[in-house]
Amino acid sequence: MTVPSGLLSRPPEESARLLALSYLDDDAAARPRLEDPEDDEALHDFRVALRRLRSCLRAYKPYLARGVPKRLSRRLRRLARSTGAGRDAEVQIEWLRPAGKSLGSYHRLGLAWLLDRLEERNREAQRALRERVGRDFADCAGELRRCLSVYRAEVHLGGERRPVFAEATADVLGELAEDLGDRLAGIGGAGDEKPAHRARISAKRVRYLLDPLAGEVPRAAPLVQRLKGLQDILGELHDAHVLETELGEAVAEAAALRARRLFAASLADADGDGDKTLRAVRRRNHEPGILVLARLNRQRRDRRFAELESAWLNGRADDFLAELSDFSEALRSAGGTD
């Protein structure tokens, strides 16, 4: 992440644009790497730069409203969504491979079948992503760059002092910190998938707001690290929720596939081969392996929730939220207000 210097003292309209343009540059740099199948970090880097860009546009929308048309924001949202399927498949494969090492040979049939299924989905998602990005990104990025590179401002001589970027960021931080507190308070248990996901998004927005300030305001760095820790816990909790849904669908599909094969084997010619085929199909049972993986994933989910609960829930986030409030006031003071 390359961030322009001296953002805090500039007009918010200018700094917000400079910041957004820097994220757009990061995205443009990551985009060609999507074509390289050996670049394991390309999708991650492209997604992160795109998320940072969209978060910046959202956070400073009042200062960018006349510069970024809604249709352009919608195109960016569609691009971001197109990266989701590939990311989910990659993350699931990364967790399943080491988790599967503890399985016995009987259960590894299910793991192998599941990995084949996910790898095929990942290939298809990557192909669709490259197609969409190749079709849409250059035009979208070019139009966004033109919109962000110019802005108009009214200057009233002798009038009220105009705010600077530090003050605008302080206002946004106050709103986002309050939202984060509300989202964390809404998580009641390990199975609360949607509330936890909303809290994860909220934590990400606060972190992305503070990240560019870490180089200029030393107090921002430890806050960013705390948010990264929260994001990691919520991220793995989210991954466990998503994988649990995937495993439920997979075991149903595996059972249906096995039932069809058993039915076909039972109708085979009565020359002895039918019984042999039937026994072979019965031995190739994928469901037990998937069910063992589901239990391991549920244990992962519960561990991550226990970490979240012990550090962030039931009022344990109050001190950190107070630190965010103090930091917001320090930013406001740095901007020159009373």
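Here we summarise the structure given alongside this text.

Conventions adopted
- Residues numbered from 1 in each chain as written.
- Predicted model: local features only at pLDDT ≥ 70, side-chain atom pairs only at ≥ 80, totals over all residues.
- Heavy atoms only, no water.
- Helix = DSSP H or I, 4+ residues; strand = E, 2+ residues; numbered from the N terminus.
- Buried < 20%, exposed > 50% of the residue type's maximum accessible area, 1.4 Å probe, protein only.
- Contact = heavy atoms within 4.5 Å.
- 1 Å grid on protein atoms, 1.4 Å probe; cavity = no way out; pocket = protein on both sides within 12 Å on 5 of 7 lines; lining within 4 Å.
- Points joined across faces, edges and corners; volume = space filled by probe spheres on them.
- Phe/Tyr/Trp six-rings, centres within 6.5 Å; stacked < 30°, edge-to-face > 60°.
- Core = buried A, V, L, I, M, F, W, Y, C linked by side-chain atoms within 4.5 Å.
- Patch = residues over 30% accessible without salt bridge, like charges linked within 9 Å, V, L, I, M, F, W, Y side chains within 5 Å.
- Areas by Shrake-Rupley, 256 points an atom, 1.4 Å probe, with all protein chains shown as cover.
- Salt bridge = Lys/Arg side-chain N within 4 Å of Asp/Glu carboxyl O.
- Lys, Arg positive; Asp, Glu negative; His and termini not counted.
- Charge placed at Lys NZ, Arg CZ, Asp CG, Glu CD.
- Expected span 1.5 Å × (residues − 1).
- Arc of directions from axis to C-beta.
- Axes fitted to C-alpha atoms, helices over the stretch in contact; angles between N-to-C directions.
- Parallel < 35°, antiparallel > 145°, perpendicular 65-115°, else oblique.
- Left-handed = near helix turned anticlockwise from the far one by under 90°.
- Nonpolar A, V, L, I, M, F, W, Y, C, P; charged D, E, K, R; others polar.

**Remarks on the overall build of the protein**
Moving on, step 1. Counting its secondary structure elements, the protein contains 12 helices and 0 strands.
Moving on, step 2. Reading the secondary structure of the protein in the N-to-C direction produces α-α-α-α-α-α-α-α-α-α-α-α.
Moving on, step 3. Here the C-alpha coordinates of the protein stretch approximately 100 × 45 × 30 Å along the principal axes.
Moving on, step 4. Per-residue burial over the protein gives 46% buried out of 338 residues.
Moving on, step 5. Considering only intrachain contacts with a sequence separation of at least 6, the fraction spanning at least 24 residues in the protein is 79%.

**Description of empty space enclosed by the protein**
Moving on, step 1. Applying the stated criterion to the full structure yields 1 cavity of 30 Å³ or more.
Moving on, step 2. Considering only enclosed or pocket space, the largest cavity measures out at about 70 Å³ in volume.
Moving on, step 3. Along the walls of the largest cavity sit Leu19, Tyr23, Arg52, Ser55, Cys56, Ala59, Tyr60, Leu176, Arg205, Tyr208, Leu209 and Pro212, which together make up its complete lining.
Moving on, step 4. Those elements giving two or more residues to the lining of the largest cavity turn out to be α1 (12-30), α2 (42-59) and α8 (193-210).

**Remarks on the packing of aromatic side chains**
Moving on, step 1. Applying the stated criterion to the full structure yields 3 aromatic pairs.
Moving on, step 2. Between Tyr60 and Phe165 the ring centres are 4.9 Å apart and the planes differ by 35°, which places this aromatic pair in the tilted class. Of this pair, Tyr60 sits in the loop between α2 and α3 (61-64) while Phe165 is found in helix α7 (residues 165-185), placing the two residues 105 residues apart along the sequence.
Moving on, step 3. Each ring, one from Trp312 and one from Phe320, has its centre 5.3 Å from the other, and the planes form 85°; the classification is edge-to-face. Of the two residues examined, Trp312 and Phe320, each falls in the buried class.

**Thoughts on the nonpolar core**
Moving on, step 1. Membership of the largest hydrophobic core comes to 71 residues, with the highest contact counts inside it found for Tyr60, Leu210 and Leu308.
Moving on, step 2. Per-element accounting of this core gives the leading share, 9 residues, to α7.
Moving on, step 3. Excluding residues within four positions of it along the chain, Leu308 makes contact with Ile187, Leu230, Ile233, Leu234, Leu237 and Leu313.
Moving on, step 4. Of all hydrophobic cores here, the second largest spans 18 residues; its members include Ala250, Ile290, Val292 and Leu293.

**Here we look at a positive patch on the surface**
Moving on, step 1. Residues Arg54, Arg58, Lys61, Lys70, Arg74, Arg78 and Arg81 make up a contiguous surface patch of positive charge.
Moving on, step 2. At the level of secondary structure, the elements contributing two or more residues to the positive patch comprise α2 and α4 (70-82).
Moving on, step 3. Looking at the positive patch, the element that brings in the most residues is α4, giving 4 residues.
Moving on, step 4. Relative to the elements of secondary structure, Arg81 occurs in helix α4.
Moving on, step 5. We classify Arg81 as exposed; its relative accessible area is 63%.

**Overview of unusual backbone geometry**
Moving on, step 1. In this structure, Asn314 takes a positive phi of about 55° despite not being glycine.
Moving on, step 2. As for its position among the elements, Asn314 is in the loop between α11 (287-312) and α12 (318-334).

**What to know about the pattern of salt bridges**
Close approach of charged atoms lets side chains of opposite charge pair.
Moving on, step 1. As enumerated under the stated definition, the model contains 30 salt bridges in all.
Moving on, step 2. Here Glu236 and Arg304 are joined by a salt bridge, their closest N and O atoms 2.9 Å apart. Taken together, the residues Glu236 in helix α9 (residues 220-266) and Arg304 in helix α11 connect sequence positions 68 residues apart.
Moving on, step 3. A relative accessible area of 17% places Arg304 in the buried class.
Moving on, step 4. Several salt bridges converge on common partners, so that one network encompasses Glu124, Arg127, Glu131, Arg132, Arg135 and Asp136.

**Points about the environment of Leu296**
Moving on, step 1. Among the structural elements, Leu296 can be located in helix α11.
Moving on, step 2. Assessed through its relative accessible area of 22%, Leu296 is described here as partly exposed.
Moving on, step 3. On a C-alpha basis, the gap between Leu296 and Ala99 in space is 7.8 Å, while along the polypeptide they are 197 residues apart.
Moving on, step 4. Apart from the residues lying within four places of it in its own chain, the contact partners of Leu296 are Trp95, Ala99, Ser102 and Leu103.

**A few points about α4**
Moving on, step 1. Look at α4: 19 Å from first C-alpha to last across 13 residues, which is about the 18 Å you get at 1.5 Å a residue.
Moving on, step 2. The set of residues buried in α4 consists of Leu72, Leu76, Leu79, Ala80 and Ser82. Along the axis of α4, the buried residues cluster in a sector spanning 160°; they form a single face. Summarising the geometry of α4, the exposed residues directed more than 90 degrees from the buried face are Lys70 and Arg81.
Moving on, step 3. As for α4, its buried residues are in contact with α2, α5 (84-99) and α6 (105-148).

**Thoughts on the environment of Arg17**
Moving on, step 1. Relative to the helices and strands, Arg17 resides in helix α1.
Moving on, step 2. Distance in space between the C-alpha atoms of Arg17 and Val150 is 8.7 Å, their sequence separation being 133 residues.

**Regarding the packing of α5 against α6**
Moving on, step 1. Following both chains from N to C, one finds α5 and α6 inclined at 155°, their axes separated by 8 Å at the closest point. Comparing their axes, α6 and α5 come out roughly antiparallel. Crossing handedness for the pair α5 and α6: left-handed. Residues Ala85, Gly86, Ala89, Glu90, Gln92, Ile93, Leu96 and Arg97 of α5 touch α6, and the partners they reach there are Leu111, Leu114, Leu115, Leu118, Glu119, Asn122, Ala125 and Gln126.
Moving on, step 2. Here the residues of the contact of α5 with α6 are counted per class, giving 9 nonpolar, 4 polar and 3 charged.

Don't take any of this as a statement about function, it's just geometry.
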